[in-house]
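Secondary and tertiary structure notes
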Amino acid sequence: MQAPASPSIQAPTPPSNLPTSQAPTKPKVSCTAQYEFKATQHDQLSMVVGEQFAVLEEQMPDGWTMVQNNSQSQGKVPTSFLKIAHAPALPSIHAPAPPSIQAP
């Protein structure tokens, strides 16, 4: 005697008002303009010396970096005009060696 086939069960669609899970975000990288730059194209962003940015994409073709300023404007700027501050690596922590125990 054969067992009846169980019906296929499909997971319900989550309600649209609940947040969806997101991939972990990369640590934010910041940068500071070392030189003034005037945008000449629509996809570029002007900057002044000392202006702070969030780095959105590094190592773009032809020496550009995609950044976002404090006004939430985004655009490409010359990588060589920036001082990029990568988050420092966490120091490795080594446990001290256990004390030596001598038998009596």
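In this report, we go over the structure that sits alongside the text. (Residues numbered from 1 in each chain as written. Predicted model: local features only at pLDDT ≥ 70, side-chain atom pairs only at ≥ 80, totals over all residues. Heavy atoms only, no water.)

The next subject is the nonpolar core. Counting 14 residues, the largest nonpolar core has Cys31, Met47, Phe53, Val67, Val77 and Leu82 as its most contacted members. Residue assignment for this core shows that the elements contributing at least two residues are β1 (29-33), β2 (52-60) and β3 (64-68). The residues contacting Leu82, other than those within four sequence positions of it, are Cys31, Thr32, Ala33, Gln34, Met47, Thr65, Val67 and Val77. (Core = buried A, V, L, I, M, F, W, Y, C linked by side-chain atoms within 4.5 Å. Buried < 20%, exposed > 50% of the residue type's maximum accessible area, 1.4 Å probe, protein only. Helix = DSSP H or I, 4+ residues; strand = E, 2+ residues; numbered from the N terminus. Contact = heavy atoms within 4.5 Å.)

We now examine the packing of aromatic side chains. Under the defined criterion, the tally for this structure stands at three aromatic pairs. Taken together, a centroid distance of 5.9 Å and an interplanar angle of 70° make the contact between Phe37 and Trp64 edge-to-face. Here Phe37, found in the loop between β1 and β2, pairs with Trp64, found in strand β3; they are 27 residues apart in sequence, far enough to count as distant. Accessibility expressed as a relative area gives 18% for Trp64, which makes it buried. Taken together, a centroid distance of 6.0 Å and an interplanar angle of 85° make the contact between Phe37 and Phe81 edge-to-face. Residue Phe37 is found in the loop between β1 and β2, and its partner Phe81 is found in the loop between β4 (74-78) and β5 (82-85); the two are separated by 44 residues along the sequence. (Phe/Tyr/Trp six-rings, centres within 6.5 Å; stacked < 30°, edge-to-face > 60°.)

Right, let's get into the pattern of salt bridges. Taken as a whole, this structure holds two salt bridges when the rule is applied. For Glu36, the salt bridge is made with Lys38, and the minimal N-O distance between the two is 3.4 Å. A relative accessible area of 44% places Glu36 in the partly exposed class. Since its relative accessible area comes to 56%, Lys38 is described here as exposed. Lys76 is the salt-bridge partner of Asp43, the closest N and O atoms lying 3.0 Å from each other. A residue pair is termed long-range when its members are at least 10 positions apart, and Asp43 in the loop between β1 and β2 and Lys76 in strand β4 qualify at 33 residues. A relative accessible area of 29% means that Asp43 is categorised as partly exposed. (Salt bridge = Lys/Arg side-chain N within 4 Å of Asp/Glu carboxyl O.)

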